[in-house]
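# Inside the fold
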Amino acid sequence: MRHPPPAAGTVRASSVRVRRQLAGSPWLFAAPGLLVAGLFVLYPFVSTVVNAFTDRRTLVPGEFVGLANFRELLHDDMFWTGLRNSALYVVGVVPALVVLPLLLALLVQKNIPGITFFRSAFYTPVVASIVVVGLIWVWLLDERGLVNAMLETVGVGRVGFLSDQWLLLVSAMTVTVWKGLGYYMIIYLAALANVPRELHEAAAVDGAGAVRRFVTVTVPAVRSTMVLVGALSSVAAFKVFSEVYLMAGPSGGPAGEDTTLVMLVQRTGTGLTGRVGYASALSLVVFVVTVALMLLVLRADRREES
């Protein structure tokens, strides 16, 4: 027995209902991720922006004070010290993390016996805990540590790597570079795999040596990757905390002269009497500067391309 065909209006209504269900289904899949991002990213960011314009403390809600926190920043010596150290960290770390991982990637790129071991060895510091890495370097660079013992053996004498203001900052930069080499090496390895071998062969036929091929073939081919590494390392270097905190201590080294901006945020905004409003203003400054660093790197890259 045949059933009568459905009416045109019923078919149209069913198709509209199906389209609505299909249109809403992507949001159902994205809902868990959006919920997590809203709770742990968007809400803290909005809360920080709001608190930056209040005098809120840890146990006190606080009131709106306008730009008072930002005016106080301009007269805070520790803010300028932290800004100086964070800027110096970017200057000292970023060039090394742009160039050295590329050279390291060129060394381990070739498929020769045993190269897998060296790739794993170079990447090991990346997966190691920063706390463990920091403690190891503190033991090495302490006045009674291995490095000073070796220097004393050869007659150089003990060096205050962790007691001198500038040597402590350089030591922390060394740890950051050492730990980040393997991470950026992997990024460069992926970029080098896409460089056509024919370009190197043509340059070699023209009589170009290894250095010239590196400058004229390798660098232009991975320039976009170098910009990416520069942007990532700039942001990470400006927001440095763990390395300096572990090597300089909570006080930020001698007289707090090695304090970075993120360390100042942690020191100011924590504890039962923490100035959450002032720390939020510091955090907002860190956010603005990091965004500005990324924009400067991208703008310089576009200008060079044009």
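Below you will find a few notes about this structure. Computed from a prediction, not measured in an experiment: that's the story for all the values here. (Residues numbered from 1 in each chain as written. Predicted model: local features only at pLDDT ≥ 70, side-chain atom pairs only at ≥ 80, totals over all residues. Heavy atoms only, no water.)

Attention now moves to a nonpolar patch on the surface. Side chains of Leu-42, Phe-45, Val-46, Val-50, Phe-287, Val-288, Val-291, Leu-295 and Leu-298 sit close together on the surface and give an oily, nonpolar patch of about 770 Å² of accessible area. Looking at the nonpolar patch, the elements that each hand over two or more residues are helix H1 (8-51) and helix H13 (276-305). When you line up the elements, Leu-42 lands in helix H1. With a relative accessible area of 53%, Leu-42 lands in the exposed category. (Patch = residues over 30% accessible without salt bridge, like charges linked within 9 Å, V, L, I, M, F, W, Y side chains within 5 Å. Areas by Shrake-Rupley, 256 points an atom, 1.4 Å probe, with all protein chains shown as cover. Salt bridge = Lys/Arg side-chain N within 4 Å of Asp/Glu carboxyl O. Helix = DSSP H or I, 4+ residues; strand = E, 2+ residues; numbered from the N terminus. Buried < 20%, exposed > 50% of the residue type's maximum accessible area, 1.4 Å probe, protein only.)

On to the nonpolar core. Core analysis: the biggest nonpolar cluster contains 57 residues, and Leu-73, Tyr-89 and Met-247 have the highest contact counts within it. Taken together, the elements giving at least two residues each to this core come down to helix H2 (68-74), helix H3 (77-108), helix H5 (130-141), helix H7 (165-192), helix H10 (223-238), helix H11 (242-248), helix H12 (261-269) and H13. Ranked by the residues each element gives to this core, the list is headed by H7, at 14 residues. Ignoring any residue separated from it by four or fewer positions in sequence, one finds Met-247 in contact with Trp-137, Val-138, Leu-141, Leu-162, Leu-168, Ser-171, Ala-172 and Val-175. (Core = buried A, V, L, I, M, F, W, Y, C linked by side-chain atoms within 4.5 Å. Contact = heavy atoms within 4.5 Å.)

This part takes up the pattern of salt bridges. Considering all chains together, one arrives at three salt bridges under this definition. When the shortest N-O distance is used, the salt bridge between Arg-275 and Glu-72 registers 2.9 Å. Placement of Arg-275 in the loop between H12 and H13 and of Glu-72 in helix H2 is noted, with a sequence separation of 203 residues between them. On the basis of relative accessibility, which here comes to 32%, the residue Glu-72 falls in the partly exposed class.

Here we take up the packing of aromatic side chains. Overall, the coordinates contain seven aromatic pairs when judged by the stated rule. Where Phe-53 meets Phe-70, the ring centres are 5.5 Å apart and the plane angle is 45 degrees; that geometry is what we call tilted. With Phe-53 in the loop between H1 and H2 and Phe-70 in helix H2, this pair connects stretches of sequence that are 17 residues apart. Looking at Phe-53, the relative accessible area reads 24%, which means it is partly exposed. Geometrically, the ring pair formed by Tyr-183 and Tyr-184 is edge-to-face, given 5.1 Å between the ring centres and 80 degrees between the ring planes. According to the relative accessible area criterion, Tyr-183 is partly exposed, its value standing at 39%. Take Tyr-184: its relative accessible area is 7%, and that puts it in the buried class. Geometry around Tyr-278 places Arg-275 over its ring, the cationic atom sitting 4.6 Å from the centre. (Phe/Tyr/Trp six-rings, centres within 6.5 Å; stacked < 30°, edge-to-face > 60°. Lys NZ or Arg CZ within 6 Å of the ring centre and 35° of its normal.)

Residue placement: Glu-243 occurs in helix H11. Nearest to the buried, unbridged Glu-243 among oppositely charged side chains is Lys-179, at 7.4 Å. Within the structure, Glu-243 has its side chain in polar contact with the side chain of Thr-176 (distance 3.2 Å). Not counting residues within four places of it along the chain, the set of residues in contact with Glu-243 comprises Tyr-89, Ile-130, Ala-172, Val-175 and Thr-176. (Lys, Arg positive; Asp, Glu negative; His and termini not counted. Polar contact = N/O pair within 3.5 Å; in protein donor to acceptor, adjacent residues only side chain to side chain.)

Take the packing of H3 against H12 next. Running from N to C, H3 and H12 point in directions that differ by 140 degrees, and their axes come no closer than 7 Å. On H12, the residues that touch Met-78, Phe-79, Gly-82, Leu-83 and Ser-86 of H3 are Leu-261, Leu-264 and Arg-267. Its residues placed into classes, the contact of H3 with H12 shows five nonpolar, two polar and one charged. (Axes fitted to C-alpha atoms, helices over the stretch in contact; angles between N-to-C directions. Nonpolar A, V, L, I, M, F, W, Y, C, P; charged D, E, K, R; others polar.)

Bringing H10 into the picture now. Taking 1.5 Å per residue, 16 residues should reach 22 Å; H10 reaches 22 Å between its end C-alpha atoms and fits that length. Among the residues of H10, those classed as buried are Thr-225, Met-226, Val-227, Val-229, Gly-230, Ala-231, Ser-233, Ser-234, Val-235, Ala-237 and Phe-238. (Expected span 1.5 Å × (residues − 1).)

What follows concerns the side chain of Asn-148. As for its position among the elements, Asn-148 is in helix H6 (residues 146-153). Taking relative accessible area as the criterion, Asn-148 reaches 0% and is therefore assigned buried. A polar atom in the side chain of Asn-148 sits 2.8 Å from the backbone oxygen of Asp-142. Setting aside chain neighbours within four positions, we find Asn-148 in contact with Leu-140, Leu-141, Asp-142, Glu-143, Gly-157, Arg-158, Val-159 and Phe-161.

What follows covers the packing of H3 against H10. At their nearest, the axes of H3 and H10 sit 8 Å apart, and the two run at 150 degrees to each other. The angle between H3 and H10 places the two elements in the roughly antiparallel class. Relative to H10, the crossing made by H3 is right-handed. Listed contacts from H10 to Leu-83, Ser-86, Ala-87, Tyr-89, Val-90, Val-93, Val-94, Leu-97, Val-98 and Leu-102 of H3 are Met-226, Val-229, Gly-230, Ser-233, Ser-234, Ala-237 and Phe-238. For the contact of H3 with H10, the class distribution of residues is 13 nonpolar, four polar and no charged. (Parallel < 35°, antiparallel > 145°, perpendicular 65-115°, else oblique. Left-handed = near helix turned anticlockwise from the far one by under 90°.)

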